[in-house]
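Chain and residue survey
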Amino acid sequence: MNELVKSLPSPTLPGLHLPCLDTYKGWLFKWTNYLKGYQRRWFVLSNGLLSYYRTQAEMAHTCRGTIPLATAHIEVGDTCHLVLTSGGRSYHLKATSEGECQRWVSALQQAKANATLLIHHSDDSGDEAPVPQEDRALTQGVLKTLASKLDDLSTCNELIGKHGAALQRSLSELEDLRGSTDSTDKVKTVNERATLFRITSNAMINACRDFLDVAESHSRRWQKALQHEREQRHHLEETIEQLAKQHNSLERLTCPVSDAVDVEHSQEGDASDENDEAEFFDAMEESPAFLLKLKPCVLSYFLQDTSTTNHMQLRRTRRSRIPDKPNYSLNLWSIMKNCIGKDLSKIPMPVNFNEPLSMLQRLTEDLEYSELLDRAARCDSSLEQLCLVAAFSVSSYSTTVHRTAKPFNPLLGETYELDRLEEYGYRSICEQVSHHPPAAAHHVTSQRGWTLWQHITIDSKFRGKYISVVPLGNIHLQFHSSGNHYVWSKVTSTVHNIIVGKLWIDQSGDIDIVNTTTKDTCRLKFSPYSYFSREVPRKVTGVVEDRESTAHYILSGTWDDKMESSKIVDSSQGCGGSEGKQKTVYQTLQPKLLWKKYPLPDNAENMHFFSSLALTLNEPEEGVAPTDSRLRPDQRLMEAGLWDEANGQKQRLEERQRLERKRREAQANQALEEGQDIEGYNPLWFEKRTDDRTGESTYTYRGGYWEAKDRQDWSQCPDIF
């Protein structure tokens, strides 16, 4: 039987008044799998969250799952069925009667409406600041709710103290009356008081959970607002500093400032220079008409500097959305059935299976959490630094959890730059250095103490039911102050359900991170998903060891959410190891959060599930090389939703690339016949070298790109688009 709990007191325990806690509870049947079918579960609807348990007793310790209703879709089926869809997953539920099903649907729809209303103004993914009046109203509403929940907690605290003291007195009296005839009544009294104490404690726990839910639901918004205020303060300081420089320069101009500016001066004594500057800044900030009072020589100087400042301010504003993805249906199997066992890079595919980013941009997207490397650069301990490097290597997969679409194969000679010096202190440049096999070189330099480079070759195969993508090559990372040099490689990505079902992606394999300077190591294990496994999906574990193979940290988490590190304080040999080996048992301190995934932007499901950084990668920018991925016409048309036109451009570019390859092959054959040396394709910004530490042959940055951009000299760039 379902319960609609509007308030407590309990009807059997008069006099107990607890906080108002809107909750809907009851039994429903939940579809589990084809082996077990529908299973009876205890569902609890509270604070916009639908949680379920195997039994009512599990509510105290184990929750089997939680469905946020704010983003869920509720669909009513036939014969007491309803389906909840949230986060790409569907939950099939069944009630025992039509009336019960209708009551659940009403409760779920009301909870969804309340949850949607609560978070309506909590969108923290946009770049624009909220309207002050609405922001104040929302903040006041949240504070009022928190204050109400705090009052509930205070009430529960008083009740717990009261009933706890009464229970203690009853226990003392029971101890004194041991063996007496009145003991039965006293035991009954103790049981009643213990029941009161238990109910009050449960209410306290629920009130704490409500308080925490409200606080957490708005914490990200407040953090965003705080960060916005910090950035505004930083921009204001820069502006004031710029104005101070302009003021000093104005004083040194040949035309006196006293003649150039018509300002009323006080006759009551001379003001200090500091006060004069303060008045000057106020006039500049609040009165645009101030500029009209300047003489032409001063005005032209001032406008020349401020135009540069305004341009820098505008460059800091990045887009936060792209056009919604069109709903075009196309049978993937009809195209892929003839491609089993083949290299996907050689198969022409329509843009319907792509996302509007190139592979070069996907490589650059690894820098989504570059602040992990900034933190690592400041570490004094190489082992703690290795923990952060490991978290960074895992974080690069967090954006792929919903991204089953294929990035565009870059054309030979295609480049992509990402200049984030102002925001994050780094510059990134990628170039496609080979077409068959497809290979890209990537170089990143950060002003915050690190350099990263990689040369990745993609080996992709279609296996019938799934597609496997194996990145070949190493990633190198060096910190400037310590000289620590880290090397690691990527794991295998697999896209499942090619023939039937919903596409989903998994990451599996091992990553061995080696500090070639100190010989510290970390092995990360990406556990493949198994339908019959009880492990947490997308699980990642690892151990950080020094050069003596002594373990110092345990790493754990998931590649789509977060990573934590736990410092090892003791270890012992246990039993149960594989191949007759004893299993090492580690005793650790409390885990420390290394990395947490950012929430996706609003409406991400209609924007290819792009992250905040991914939304900006294809944003048009001035001054980039003519080979930049942003200028690729088929990719640009696809982003705009013009997929038919994009397919036409894609075919044109691929045909042009095939003709260019045939031309190079003909030249090579002619040179071979004439006995001349055959020179293969040479990338423009990268060159092939042998790595001194690993001995591998890899493409590394030869330099010159950013200098060419400063000069706007792209005469060496080929015409590939």
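Values in this document were obtained by computation on a predicted structure and should not be read as measured data. (Residues numbered from 1 in each chain as written. Predicted model: local features only at pLDDT ≥ 70, side-chain atom pairs only at ≥ 80, totals over all residues. Heavy atoms only, no water.)

**Quick notes on the overall build of the protein chain**
- Counting its secondary structure elements, the protein chain contains 15 helices and 27 strands.
- Relative to all contacts within the protein chain whose residues are 6 or more apart in sequence, the contacts with residues 24 or more apart total 57%.
- When the accessible surface of the protein chain is totalled, it reaches about 40000 Å², and 51% of it is carbon and sulfur. (Helix = DSSP H or I, 4+ residues; strand = E, 2+ residues; numbered from the N terminus. Contact = heavy atoms within 4.5 Å. Areas by Shrake-Rupley, 256 points an atom, 1.4 Å probe, with all protein chains shown as cover.)

**Observations regarding the nonpolar core**
- Counting residues in hydrophobic clusters, the biggest one holds 61 residues, and the most contacted among them are Trp450, Leu477, Trp488, Ile513, Leu524, Phe526 and Leu555.
- Setting aside residues up to four positions removed in sequence, Leu477 forms contacts with Leu373, Val389, Trp450, Thr451, Leu452, Asn484, His485, Tyr486 and Trp488.
- Counting 22 residues, the second largest nonpolar core, distinct from the first, contains Phe43, Leu45, Leu50 and Ala72. (Core = buried A, V, L, I, M, F, W, Y, C linked by side-chain atoms within 4.5 Å. Buried < 20%, exposed > 50% of the residue type's maximum accessible area, 1.4 Å probe, protein only.)

**Examining the UniProt feature "coiled-coil region" (unreviewed entry) in the protein chain**
- UniProt feature "coiled-coil region" (unreviewed entry): in the numbering of this structure it lies at residues 226–253 and 649–676.
- Note that residues 649–676 is 89% helix and 0% strand, and that its end C-alpha atoms are spaced 37 Å apart. (UniProt positions renumbered as here; feature names shortened; annotations may be inferred.)

**Examining the pattern of salt bridges**
- Going through the model one piece at a time under the given rule, you end up with 31 salt bridges.
- Between Asp366 and Lys490 there is a salt bridge, with the nearest N and O atoms lying 3.0 Å from each other. In this pair, Asp366 sits in the loop between helix 8 (359–364) and helix 9 (371–377) while Lys490 sits in the loop between strand 17 (485–488) and strand 18 (492–496), placing the two residues 124 residues apart along the sequence.
- Classification of Asp366 as buried rests on a relative accessible area of 10%.
- Among the ionic pairs, Asp719 bridges to Arg656, the shortest N-O distance being 3.3 Å. Of the two residues, Asp719 sits in the segment after helix 15 (705–711) while Arg656 sits in helix 14 (residues 643–673), which places them 63 residues apart along the sequence.
- Among the residues examined, Arg656 registers a relative accessible area of 33% and is labelled partly exposed.
- Ionic contacts of the salt-bridge type, sharing partners, join the residues Arg318, Arg420, Glu423, Glu621, Asp628 and Arg630 into one network. (Salt bridge = Lys/Arg side-chain N within 4 Å of Asp/Glu carboxyl O.)

**Notes on a nonpolar patch on the surface**
- Taken together, Leu35, Tyr529, Tyr531 and Phe532 make up a surface patch of nonpolar side chains, about 530 Å² in accessible area.
- Considering the arrangement of structural elements, one finds Phe532 in the loop between strand 20 (521–526) and strand 21 (539–545).
- For Phe532, a relative accessible area of 68% puts it in the exposed group. (Patch = residues over 30% accessible without salt bridge, like charges linked within 9 Å, V, L, I, M, F, W, Y side chains within 5 Å.)

**Remarks on the pairing of strand 19 (residues 504–515)**
- With two bridges joining them, strand 17 and strand 19 adopt antiparallel strand pairing. Bridged to Val487 within strand 19 is Val514.
- In this structure, strand 19 lies alongside strand 20, joined through six bridges in antiparallel fashion. Across the sheet, Ile513 pairs through a bridge with Cys522, a residue of strand 20.
- Counting the residues between successive antiparallel strands, the hairpin from strand 19 to strand 20 contains five residues, one of them, Lys519, with a positive phi of roughly 70 degrees. (Pairing = 2+ DSSP bridges.)

**Describing helix 1 (residues 98–118)**
- The first and last C-alpha atoms of helix 1 sit 30 Å apart over 21 residues, in line with the 30 Å expected at 1.5 Å per residue.
- Those residues of helix 1 that sit buried are Glu100, Cys101, Trp104, Val105, Ala107, Leu108, Ala111 and Ala115.
- Residues of helix 1 that are buried in the fold lie against strand 2 (23–33), strand 3 (37–46), strand 4 (49–53), strand 6 (73–76) and strand 7 (81–86). (Expected span 1.5 Å × (residues − 1).)

**Section: the packing of aromatic side chains**
- Tallied over the full model, the rule gives 18 aromatic pairs.
- With 4.7 Å between their ring centres and 85 degrees between their planes, Tyr24 and Trp104 make a pair best called edge-to-face. On the criterion of sequence distance, the pair formed by Tyr24 in strand 2 and Trp104 in helix 1 is long-range, its members being 80 residues apart.
- Judged by its relative accessible area of 0%, Trp104 is buried.
- Between the aromatic rings of Tyr705 and Trp714, the centroid separation amounts to 5.3 Å while the plane-to-plane angle is 45 degrees, which identifies the pairing as tilted. Here the two residues Tyr705 and Trp714 agree in accessibility, since each one is buried.
- Three or more aromatic residues joined by ring pairs form one cluster here, namely Tyr24, Phe43, Tyr52, Tyr91 and Trp104.
- The positively charged end of Lys490 is found above the aromatic ring belonging to Tyr397, 5.5 Å away from the centroid. (Phe/Tyr/Trp six-rings, centres within 6.5 Å; stacked < 30°, edge-to-face > 60°. Lys NZ or Arg CZ within 6 Å of the ring centre and 35° of its normal.)

**Some words on unusual backbone geometry**
- Of note in the backbone geometry, Lys519 takes a positive phi value of approximately 70 degrees without being a glycine.
- Judged by relative accessible area, which is 42%, Lys519 ranks as partly exposed.
- Although it is not a glycine, Gln712 adopts a positive phi angle of roughly 55 degrees.
- Position of Gln712 relative to the elements: it lies in the segment after helix 15.
- Using a relative accessible area of 44% as the deciding quantity, one classes Gln712 as partly exposed.

**Some details on the confidence of the model for the protein chain**
- Per-residue confidence for the protein chain gives a mean pLDDT of 78, with 77% of residues at or over 70.
- The lowest-confidence element of the protein chain is helix 5 (residues 273–286), averaging 37 in pLDDT; the highest-confidence one is helix 10 (residues 382–395), averaging 96.
- Note that pLDDT drops below 50 for residues 121–131; the model gives that stretch 23 contacts with residues more than four away or on any other chain. (pLDDT = per-residue confidence, 0-100.)

**Regarding the side chain of Ser358**
- Within the secondary structure layout, Ser358 lies in strand 9 (residues 354–358).
- Within polar-contact distance, the side chain of Ser358 engages the side chain of Ser629 at 3.1 Å.
- Sequence-distant contacts of Ser358, that is, excluding residues within four places in its chain, are made with Pro407, Phe408, Glu414, Ser629 and Gln635. (Polar contact = N/O pair within 3.5 Å; in protein donor to acceptor, adjacent residues only side chain to side chain.)

**As for the pairing of strand 9**
- Most of strand 9 sits out of view: five of its five residues are buried.
- Where burial is concerned, the two faces of strand 9 agree: the one with Asn354, Pro356 and Ser358 and the one with Glu355 and Leu357 are both buried.
- One ladder, built from two bridges, connects strand 9 with strand 10 (residues 406–408); its direction is parallel. Following the sheet pairing, Ser358 is matched in strand 10 by Phe408.

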